[in-house]
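Chain residues, written in single-letter form:
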Amino acid sequence: MLNADRKDYERICTEFGVADLHLTLKKLQEKKERAQNKCKEDGVIPYDEDAREKHSLKSVGRTKDCSIKGQMQKGTGLNQTDAEDINFLDTRLNQVDAEQINHHDAGLYQMDGEDVKLLVTEFKLSNVDFVIKIQEVKAQEREDALFECVLTHPLPRITWMGKGNILEDGEKYCITVSDHKLIHRLLIKDCKQQDKGIYSAVAGITSCSAWLVVEDPGVQFICGLADVNAIIGEAAELTCKLSSEDYVGAWFRDGKKISSDDNFTITKDGAIHKLVIIICKEEHSGKYRFEADGRKTEAMINVKDPPRFDPEDLSAYINPVIVKVGHNAIFKLHFVGHKPIKIKWYKEGEELHDDNNTKMEKSVSHSRLLLSRCQRKDTGEIKIKLKNEHGFIEAISQLIVLDKPTSPLGPAEVTESSATCIEFRWRPPKDDGGSPVINYIMERQQVGRNTWKKKGEIPAVPSYRDTDVEHGRKYCYRIRAVTAEGISEVMETDEMQAGTLAFPGPPAPPKVVSAYDDCITLSWALPSNTGGSRIMGYILEKRKKGSNLWSVVNALDELIKEKKYAVKDVVAGMKYEFRVTAINFSGAGEFSNPSEFVVARDPKKPPGKVTGLKLTETSYTHLVLTWTKPEEKSGIQDEAKGYFVEIRQAECIEWSRCNSTPVVMTSFSVKGLKSMDMYWVRVIATNDGGESAPEELANYVIAMPSPVRPKFTNHKMKSFIVVRAGNSVRITINFEASPQPEIMWLKDNVPVTKRVTISNSDGSSQLLIPSSERPDSGIYSILVKNLAGQETFSTEVRVTDDPKPPGPIEMAENVPGTVTVMWEPSPDEKRDDHLHYTVSKLDSTKRTWATVADRLFNNKFTVCNIMHGREYHFRVYAKNDMGISAPSESLTWGTEKKKEKFVVILPTRKDCDLRCAPTFIVPLKLHTAPKGYECYMSCAVKGNPKPRITWYRNHISINTNTNYYISNTCGVCSMLILHVGPKDMGEYTIAAENALGRSECSTVLSVRDNLMGMQMKIVKLQSSHEEMRQSSDKLHISDSLETRLNALEESYALAQKQVGMALATAEQLKTSDLPAQVLSLHTEMKTRLAEMQQATVSLEQLSQLQTMLKGKNDEFEEVRLQVEGLVMLSAELSQKVEVSTGSLGEAESKLEERVWQVDTLIATLDGQAAEVLSLKDQLDTYRAQMEASTLEMATVRELLENQQSQHLQQAAVEEQLNAVRQSLQDQNSAAHSLHSELRAQLENVEKQVTQLVGETQPPAESVDQTEDETTPAAQEEAAAATEEESLPAAVEKEESYPVEEAGPDEGGEASEVEAAAEDEAPVEQEDSGPEETAPAEEVEAVSEDQTEKHEPEQVEFDSTQTEEEEQSVGKEIPDEENQTDDDEDKEEEEASEVEEVEEETPVEEENHKAEEEMVSEGDEELEESLLEEGELDVAEEVAEELAEELAEELAEEEEKQQDVAAEEESHNEETEPSEWEEEEEDGEEL
């Protein structure tokens, strides 16, 4: 442990089984102190690792890592600095060691369980170490110095020390710590020479130190000279500023010193030095230098002669030139400057040239511009620009050409139109001609008339109100603008009618001003379009949430005059929305958009402040906050409905809100931060009642992530790259690091050259060589380094190209059956160490090249297995990492043996003819498709050669028709019709044809119609039939032939038309579900039409046709009846629909009621939900209380367990006390037996005395005296008898209320009291009164808490003793002395008792001494046991109390003995001396 760290003490003690840790530490400390004292006596500074760490813990700032330069030298002596450092170090060590050792020793002597826990915590704290230690900092005077370190574990703060003193945060020092408590910083502001020295950072028992070096920069230029361009004839000034006012410098021009004269003025104002050239000339151009204390600054003064205007001409030129239309404008300026000077004139930015209207005059000293016949469009900017080799100058003037204005701008806008007035407005003229509009001339014409009425001139306001109008009339107006230059053209308005209906536009949506349970106040704005008349009032409507019905708040005859209204017809808790419309003379306009929903309830209280605001995540661009919802307090603060997050930069004073609408969640991510900027953050809770007070973070936040050691994120990075020469080399490395690291690229451990481009971004770095060369090959390494660490990665890049082929090949046969191939090396072999060769051979018996050797790094190879009679060819290739070269071929090796041709005759075979004509394997099927649906037809055909497929509809080819999708796949022919219609009905045929024949297959497509279509067609047929019947009736009425023929021709044409319609209808109804008669009608009508077309119509044929049509009429009549039935059915359905509509309206009303009920339930549920939330909060509170109660119960349980252990210890002590008590009882029994023997001897003595008394018989006087004296003795005897009667009762009382003994400490005293009570029992029974029993009771009361179990035995013992005493008293009176006279008996008893007391006194003293010795021995044993148990203090206190009570009892006994002695003396005076002397002698013998 002497050589171990303090944090390892606990582990070492556990490893070696040492249980008493604090005792071991105490001994270890004593040993270290002895060693240190010995070293100090010898004059040597001790080096103690533990002491150093302990000093570090107390913020002394010394550590193993701290190296103080110049403290000790390895040579023979110490310099002055070393001596001072050692004295300072020794002083600090003595002070700190004394304080810490005393404090540590005191803690060791008083260490308990809590101190041991604290020591263990201190050991855990020692695990904190520095990931990055503070480094040496060099700073200039007046600069700031920053020390920074990173810990392994977070600490809220560490101790910073400077030159042995603890540093505090203040004006000089700024101590900061990051949010994650890992990065700690010390900023030393405004460094001075006295600030240099060693600074330390102490974290726990670990520390690190570094030097602060403050350099004196001497005099510095705070602001140097700057180049000046001066103008001839004007002044020029050079200024610089030094860092100190104590230096006087010198000025130089082109190396020559300058002093103040007529041309130069040199001044010094503190640290500011100035050189002024009063009037610049060309010779003043040159290089000027200022020197001070060996430092210098230079600047150039260039004296130029640019063009310059004459000031008077310039002031006149810049004034605007104002001319009227058609007049001339002249501009003229004089100037000076170095020649030549270029002159240019501009108008509105465009250069002017000489023309008919523009003339420019240019000379050496002036220029003149003439603009002829100016027009209004010439108004604008006129600029002249002069330029020479020294510079240029410009001057700007304005040209204003006056003209009459243009006409006012329309169209006119009617702002009010009523029965009594028309008010309208227009726009002013686009061009006022250069003069403001003075007034307008107004004319009016009534529509329908040709005359214009002058209304006069009106002010220059572009609006007019005409009150002289008639209701309903229309008017037109002419308007002219008047200026000082003339009157404009006329602007004519459109027709305007007085009293037209123009409704106002919709107002803006109403806004809620306030809301209560019984009232909601709204406000709105005036509509932007009032309809051309005054707004008379407003109508407000409301609607409940979930309802579609709007209800009017105010009646139509009670318009709202104000733009504010309080709605009182609301239900508490319901949500409403409102809309408003404006009313003018024309009527009500459009309603506004609905307002936002508002709840009818009393205003809420603003919420409280959020709690637990903390920062959970940070990065360079964002941060994440979390907080806890504020509590809801009834009547004080309501529940929060959302939150606003606000931030401000450290240098700003205004807060900016991050979210425009409140967020409901208790977390928020603030984005868009600037990297490394400092921000203050706060959160505000809000609800309908307002916003809470802001809750702000205690510290500012820096937009940067937590320190992250650099690591590469791309795991597929290549460690070897091959690049073709001339191509680019690009290496991209992705990484993660925080803060932003430093990046360095190396090639072969040397920084890369300038031809290599490095591009760095936040998370990646790229190396780029645009055009690589072979020397660029090498190992490229990247080093990524920041405060948290560094990381490196290397990639080998090989820049190469396709190799050039090897040289000529030579062959030799050194061994039969082998050929040695040799070749000249490739030219790239020397430049490419990865270049190798491959050898291939070609055998004359084979047609492919075979590789015989690869990866050869020499220039020859021996090929084996060379066969005679074959020719061989060899190729040699050069290979590298990029590719393979062209081959280098050898000559032919060997000769080939010629072979005869081998002829194979193959047998002939006949081909099988598989051709066949096309046939249909699967024919087409009949198809019936509903109208509007798709129809798919398919069949299968075979044939060889493949037949050509053609589809036909009604014998017309449809292969090219895009309405049909036709396909042929492996003989399966298909056709698809997407939307089937009446035009698609007919016969479909497919034809397959090839060279061997042709085959066809047909089918029919029928289209079904729906019921509505059939009904319409039947109605058309009926109408056509009715027309034909009427025409036939007309034919019968006609009598003449001509009339009949004309009617016949008309009927023929009509019939032809109707039959065509019927045919079309019948064609569609062919496949429908109508009766078969309709189909027959189709056939007959088709036949009849053919007959009518082929032959001349005759009357007989017409009559037959009429007959046939009559029959068909009957059929159609039946169909009509069916249609009427369908119409009736439709009417019934309509009635049912109306009934359903009524029921639906009722259902909607009921649904609205249900919706209202649901809204009410929702409001109720919201209230219940709030109650549930409050109950939940209460439950959380109860749960917290229960947890606290559980902890208290656990604490109580521990206390009970401790108390039980104490009871067990007490039981063990009581067992020992029982043993001691038993021994004391044995001693008491022995003393009792001795007491009995003594009593027996006393009885014998009494008998002898009695005999002596009987023999002597005293005189009568003495007898009388004896009787007189026995009277008080009799009284005492009566009192003793009374005491004996009360003694059993007291014993019974003590048995009923058992009292414990005084405890283990009081055992000796209790036994002593008992022994004294036994020895003095007769005296106490006779002489002591009731008052003398009180001390005994007090003794019993004191011992009540300690000896409950053993008191009954003691009480029983006392009672037996009392009975024995009574028996002994009874025996003291002999039987032979019982006489009839009671007085004599009493006298004799009294005398015997007096003698007994005399005889018993010395015996009692001896017994009392013996008992005291036994009690003292018991007390010593008991004291040893109490010392072993740790309860000696309590026993001593109880023993002192018992000793005091015993002393009081002994004092009372002494008083009693004195009283008895006084009675004996008085008795001895009456008795004969001889008798008393004999009795005394007998007592002494006894």
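Trainee: I'd like a rundown of the overall build of the chain, residues and numbers included.
Mentor: Helix and strand content of the chain: 18 helices and 78 strands. When each of the 1486 residues of the chain is scored for burial, the buried share is 35%. Summarising the internal contacts of the chain: among those between residues at least 6 apart in sequence, 65% fall at separations of at least 24. Counting every atom, the chain has about 89,400 Å² of accessible surface; 51% of that belongs to carbon and sulfur.

Trainee: Break down the side chain of Ser 772 for me, citing the residues and quoting the values.
Mentor: Its location among the elements puts Ser 772 in the loop between strand E60 (764–769) and strand E61 (778–786). Polar contacts involving the side chain of Ser 772 include one to the main-chain carbonyl oxygen of Arg 724, which spans 3.4 Å. Polar side-chain contacts of Ser 772 include one of 2.6 Å to the backbone oxygen of Asn 727. Each residue touching Ser 772, except ones within four places of it in the same chain, is listed here: Val 723, Arg 724, Ala 725, Gly 726, Asn 727, Val 729 and Val 799.

Trainee: Outline the environment of Ile 977, listing residues and values.
Mentor: Position of Ile 977 relative to the elements: it lies in strand E76 (residues 972–977). The class of Ile 977 is buried, set by a relative accessible area of 2%. Spatially, the C-alpha atom of Ile 977 lies 10.0 Å from that of Gly 932, the residues being 45 residues apart in sequence. Other than its neighbours up to four places away in sequence, Ile 977 contacts Tyr 933, Glu 934, Cys 935, Tyr 964, Asp 984, Tyr 988 and Leu 1005.

Trainee: Before we move on, can you summarise the nonpolar core with the specific residues and values?
Mentor: In this structure, Phe 147, Ile 158, Trp 160, Leu 186, Ile 188, Tyr 199 and Leu 212 are the most contacted members of the largest nonpolar core, which totals 24 residues. Mapped by element, the contributors of at least two residues to this core are strand E2 (137–140), strand E3 (145–151), strand E7 (183–188), strand E8 (197–203) and strand E9 (206–215). Other than its neighbours up to four places away in sequence, Ile 188 contacts Glu 143, Asp 144, Ala 145, Phe 147, Lys 172, Tyr 173, Tyr 199 and Leu 212.

Trainee: Can you break down a nonpolar patch on the surface residue by residue, with the values?
Mentor: On the surface, Leu 1126, Leu 1129 and Leu 1133 cluster together into a nonpolar patch covering about 250 Å² of accessible area. On the secondary structure map, Leu 1126 appears in helix H10 (residues 1099–1256). For Leu 1126, a relative accessible area of 34% puts it in the partly exposed group.

Trainee: Quick one: what's the story with the side chain of His 622, residue by residue and with numbers?
Mentor: Assignment of secondary structure puts His 622 in strand E46 (residues 622–628). Of the residues examined, His 622 reaches a relative accessible area of 18% and is grouped as buried. Reaching out from His 622, the side chain makes a polar contact with the side chain of Ser 619 at a distance of 2.5 Å. Contacts of His 622, omitting those with residues within four sequence positions, involve Glu 617, Ser 669, Val 670, Lys 671 and Leu 673.

Trainee: Which residues make up the environment of Asn 659, and what are the values?
Mentor: In this fold, Asn 659 is placed in the loop between strand E48 (656–657) and strand E49 (667–671). In this structure Asn 659 comes out as buried when scored by relative accessible area, which is 6%. Separated by eleven residues in sequence, Asn 659 and Val 670 place their C-alpha atoms 9.0 Å apart. Apart from the residues within four sequence positions on either side, Asn 659 is in contact with Tyr 643, Phe 644, Val 645 and Phe 668. A distance of 2.9 Å separates a polar side-chain atom of Asn 659 from the backbone oxygen of Tyr 643. There is a polar contact of 3.0 Å between the side chain of Asn 659 and the backbone nitrogen of Val 645.

Trainee: Run through the sheet that holds strand E71 (residues 927–930), naming residues and quoting values.
Mentor: Taken together, the five strands give an open sheet; going across it, the order is E71-E78-E77-E73-E74, and neighbouring strands pair in mixed fashion. Only two strands of the sheet have a single neighbouring strand rather than two, namely E71 and strand E74 (956–957). Pairing analysis gives two bridges linking strand E73 (residues 948–953) to E74, with the strands arranged antiparallel. Opposite Tyr 952, over in E74, you have Ser 957 as the bridge partner.

Trainee: Explain the pairing of E2 to me, using residue names and the numbers behind them.
Mentor: Side-chain positions along a regular strand alternate between the two faces of the sheet. Residues Val 137 and Ala 139 of E2 are buried on one face, while the alternating residues Lys 138 and Gln 140, pointing to the opposite face, are not. Of the strand pairs in this sheet, E2 and E9 are connected by four bridges, and their pairing is parallel. Counted as the bridge partner of Val 137 is Leu 212 from E9.

Trainee: Explain the pattern of salt bridges to me, using residue names and the numbers behind them.
Mentor: Pairing between side chains becomes possible if they bear opposite charge and their charged atoms approach one another. This structure, assessed with the given rule, holds 42 salt bridges. Close ionic contact of Asp 688 with Arg 601 constitutes a salt bridge, the shortest N to O distance being 2.8 Å. Of this pair, Asp 688 sits in the loop between strand E50 (678–687) and strand E51 (690–691) while Arg 601 sits in the loop between strand E44 (598–599) and strand E45 (611–618), and the two are 87 residues apart along the sequence. The shortest N-O distance in the salt bridge between Arg 875 and Glu 889 comes to 3.0 Å. Of this pair, Arg 875 sits in strand E68 (residues 872–879) while Glu 889 sits in strand E69 (residues 888–889), and the two are 14 residues apart along the sequence. Each of the salt bridges in this network shares a partner with another, and the network as a whole consists of Glu 646, Arg 657, Arg 682 and Glu 691.

Trainee: Lay out unusual backbone geometry in plain terms, naming residues and giving numbers.
Mentor: Going from Gly 410 to Pro 411, the amide bond is cis rather than trans, its omega being -5°. With respect to the element layout, Pro 411 can be found in strand E28 (residues 409–417). The peptide bond linking Asn 944 to Pro 945 adopts the cis configuration, its omega dihedral lying at 5°. Relative to the elements of secondary structure, Pro 945 occurs in the loop between strand E72 (935–944) and E73. Positive phi values are uncommon outside glycine, yet Glu 348 reaches one of about 55°. Residue class for Glu 348 comes out exposed when judged on its relative accessible area of 51%.

Trainee: Give a description of the sheet that holds strand E6 (residues 173–177) that names residues and reports values.
Mentor: Spatial strand order, E1-E3-E7-E6: four strands in an open sheet with antiparallel pairing. What marks the edges here is a single partner per strand, and that holds for strand E1 (130–132) and E6. Adjacent strand axes in the sheet meet at a mean angle of 25°, parallel and antiparallel pairs treated alike.

Trainee: Describe the packing of aromatic side chains, and please don't skip the residues or the numbers.
Mentor: Under the defined criterion, the tally for this structure stands at 17 aromatic pairs. Through pairs of rings, three or more aromatic residues link up here, namely Phe 424, Trp 426, Tyr 440, Tyr 464 and Tyr 477.

Trainee: Tell me about the pairing of strand E12 (residues 236–242), and please be specific about residues and values.
Mentor: Here E12 shows a clear split, with Ala 236, Leu 238, Cys 240 and Leu 242 buried on one side and none of Glu 237, Thr 239 and Lys 241 buried on the other. Examined bridge by bridge, strand E10 (residues 221–223) and E12 share two bridges and lie antiparallel to one another. Considered in E12, the bridge of Phe 221 is made with Leu 242. Sheet topology places E12 next to strand E16 (residues 272–277); six bridges connect them, and they run antiparallel. For Lys 241, the partnering residue across the bridge sits in E16 and is Ile 272.

Trainee: Please give an account of the state of the cysteines that cites residues and values.
Mentor: A complete count under the given rule lists zero disulfides for this structure. Just so you know, Cys 208 is unpaired, no disulfide at all, and the nearest cysteine sulfur is the one on Cys 149, 5.5 Å from it. Note on Cys 208: relative accessible area 1%, which makes it buried.

The rules behind the values
- Residues numbered from 1 in each chain as written.
- Predicted model: local features only at pLDDT ≥ 70, side-chain atom pairs only at ≥ 80, totals over all residues.
- Heavy atoms only, no water.
- Helix = DSSP H or I, 4+ residues; strand = E, 2+ residues; numbered from the N terminus.
- Buried < 20%, exposed > 50% of the residue type's maximum accessible area, 1.4 Å probe, protein only.
- Contact = heavy atoms within 4.5 Å.
- Areas by Shrake-Rupley, 256 points an atom, 1.4 Å probe, with all protein chains shown as cover.
- Polar contact = N/O pair within 3.5 Å; in protein donor to acceptor, adjacent residues only side chain to side chain.
- Core = buried A, V, L, I, M, F, W, Y, C linked by side-chain atoms within 4.5 Å.
- Patch = residues over 30% accessible without salt bridge, like charges linked within 9 Å, V, L, I, M, F, W, Y side chains within 5 Å.
- Salt bridge = Lys/Arg side-chain N within 4 Å of Asp/Glu carboxyl O.
- Pairing = 2+ DSSP bridges.
- Axes fitted to C-alpha atoms, helices over the stretch in contact; angles between N-to-C directions.
- Phe/Tyr/Trp six-rings, centres within 6.5 Å; stacked < 30°, edge-to-face > 60°.
- Disulfide = S-S within 2.5 Å.

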